[in-house]
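Here is what each chain is made of, one letter per residue.
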Amino acid sequence: MLYGPGSAESVHSRVDTGHQLEEKGELLFTTVATYSKPHVFDLIYAWLNPRMDIEKLEVATGGVTNLAAYRNLMAYMRDSSEASALMAAYAAMDKPIDVESQGVIVTALLPESKARENGLQEGDIITQADDLAITNGTELSEYLTAKHVGDLVKISGTRGKETFEATVPLISMAPDNRSGIGFQMNNVLKATPPDTVKFDFADTGGPSAGLMMTLEIIAQLTGEDLTRGYTIAGTGTISADGTVGLIGGINYKLMAADKEQADYFLVPYNAQNESNWTLARETVEKLKLKPKLVKVSTLKEAVDFLSGLEPKKTAP
């Protein structure tokens, strides 16, 4: 897998709340460009390019079953970030929003699990176990715990745009020896706001645009131009409670933002893990990039920073 600077694009045209807002500046979400299974000439170019990196596919994908499973997992993370952005935005505005769980996604298979060799993959969304409809992880865990180690359970649901079925033997799960399949999971949430909000991020993957999505939703629904005339780039996952999470490839995203002449770059910050902040500072210093770095741990910190900016003065 090759890594390099991706794009820094306006969020405004990709989030439609049905509310018109004229922004004097721009909120930019940033991406990492990735190239799987490159040709030898691509590898040579990346090896010679100081702004690109090369990683073994197994390491780059986290050791998932195959590339298709990895892409399905990235697509789920993108969709999940849209739901989280809605929940965080409406919570910040103190407005109600309906949230329901519609299944369980397999995020990782444990080494001792027998699921992989029996047809289950990362990125699979489980909606049924035998004849029981599954909407959340609690339902699935309770059903499996009531069975015995060695029992076979038919798991079904969706795999990307297709459906799947897998008959999986249950194993003993530490530390309490309960029966289970042996995987890490998240609930698949659907957030339905009172406004009609549409997203257009189908050409992206992963959760790292969450913060910038949320800021754009708030700006459009409140009618407040949070850009203040500046070009504001950034990255970071978003949780329903407004926590901004760490991401990968912030160095490449900064390069993309610099190319678009961003004035500021919102950097996810965690006092217990300063890796994003450290790499961002090193990248700016090493490459002499122009965006000013801003630490953000929460959505509130990001909104407060933008709201506190003096409007950008334009040339007469």
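The structure under discussion appears in the preceding block.
Think of each chain on its own: its residues are numbered from 1, step by step along the sequence as written. Under the rules for a predicted model, residues below a pLDDT of 70 receive no local features and side-chain atom pairs below 80 are neither given nor counted, while totals for whole chains, interfaces and linings still include all residues. Side-chain metrics rest on all non-hydrogen atoms present in the structure, leaving aside hydrogens and water.

Explanation requested: the sheet that holds strand E18 (residues 292-296) in the structure shown.
The strands that make up a sheet are held in pairs by hydrogen bonds between backbone atoms, and each pair lies either parallel or antiparallel. One bridge is not enough; two strands pair if DSSP finds at least two bridges between them. A run of DSSP states H or I qualifies as a helix once it reaches four residues; a run of E qualifies as a strand once it reaches two. Both are numbered from the N-terminal end. The mixed open sheet is built from six strands, whose spatial order is E4-E1-E3-E14-E17-E18. Edge positions in the sheet fall to strand E4 (53-54) and E18, since each of these pairs with one other strand and no more. Inspection of the sheet shows strand E3 (residues 26-35) paired to strand E14 (residues 231-234) by four bridges, in the parallel sense. Following the sheet pairing, Phe29 is matched in E14 by Gly234.

Quick question: what am I supposed to make of the packing of aromatic side chains here?
Working definition: an aromatic ring pair is given by the centre-to-centre distance plus the angle between the planes. Pairing of aromatic rings covers Phe, Tyr and the six-membered ring of Trp, with a centre-to-centre limit of 6.5 Å; geometry is then stacked below 30 degrees between planes, edge-to-face above 60, and tilted otherwise. Tallied over the full model, the rule gives six aromatic pairs. Note on Tyr3 and Tyr252: the rings are 6.3 Å apart at their centroids and 10° apart in plane angle, and the pair reads as stacked. Here Tyr3 is found in strand E1 (residues 2-10), whereas its partner Tyr252 is found in helix H6 (residues 250-259), with 249 residues between them in sequence. Like Tyr3, the residue Tyr252 is buried in the burial classification. Between Tyr264 and Phe305, the ring centres sit 5.3 Å apart and the planes meet at 75°, which makes this aromatic pair edge-to-face. With Tyr264 in strand E17 (residues 264-268) and Phe305 in helix H8 (residues 299-307), this pair connects stretches of sequence that are 41 residues apart. With a 1.4 Å probe rolled over the protein chains alone, any residue whose accessible area is under 20% of its type maximum counts as buried; one over 50% counts as exposed, and the rest are partly exposed. Given the relative accessible area of 14%, Tyr264 is considered buried. The class for Phe305 is partly exposed, based on a relative accessible area of 24%. Grouping aromatic residues by their ring pairs yields a cluster made of Phe29, Phe199 and Phe201. Ring-over charges, as used throughout, are those where CZ of Arg or NZ of Lys falls within 6 Å of the ring centre and within 35 degrees of the ring normal. Residue placement shows Lys295 over the ring face of Tyr269; its charged tip is 4.4 Å from the ring centre.

Can you walk me through the side chain of Thr204 in this structure?
Within the secondary structure, Thr204 is located in the loop between strand E13 (198-199) and helix H5 (210-222). Looking at Thr204, its side chain comes within polar contact range of the main-chain oxygen of Phe201, at 2.8 Å. Contact between two residues is taken to exist if any of their heavy atoms lie within 4.5 Å; hydrogens are not considered. Ignoring sequence-local partners within four residues, the contact set of Thr204 consists of Arg14, Phe29 and Arg78. A 3.5 Å cut-off defines polar contacts: any pair of N or O atoms within that distance qualifies, except that in protein one atom must be a possible hydrogen donor and the other a possible acceptor, and neighbouring residues in sequence count only when both atoms are side-chain atoms.

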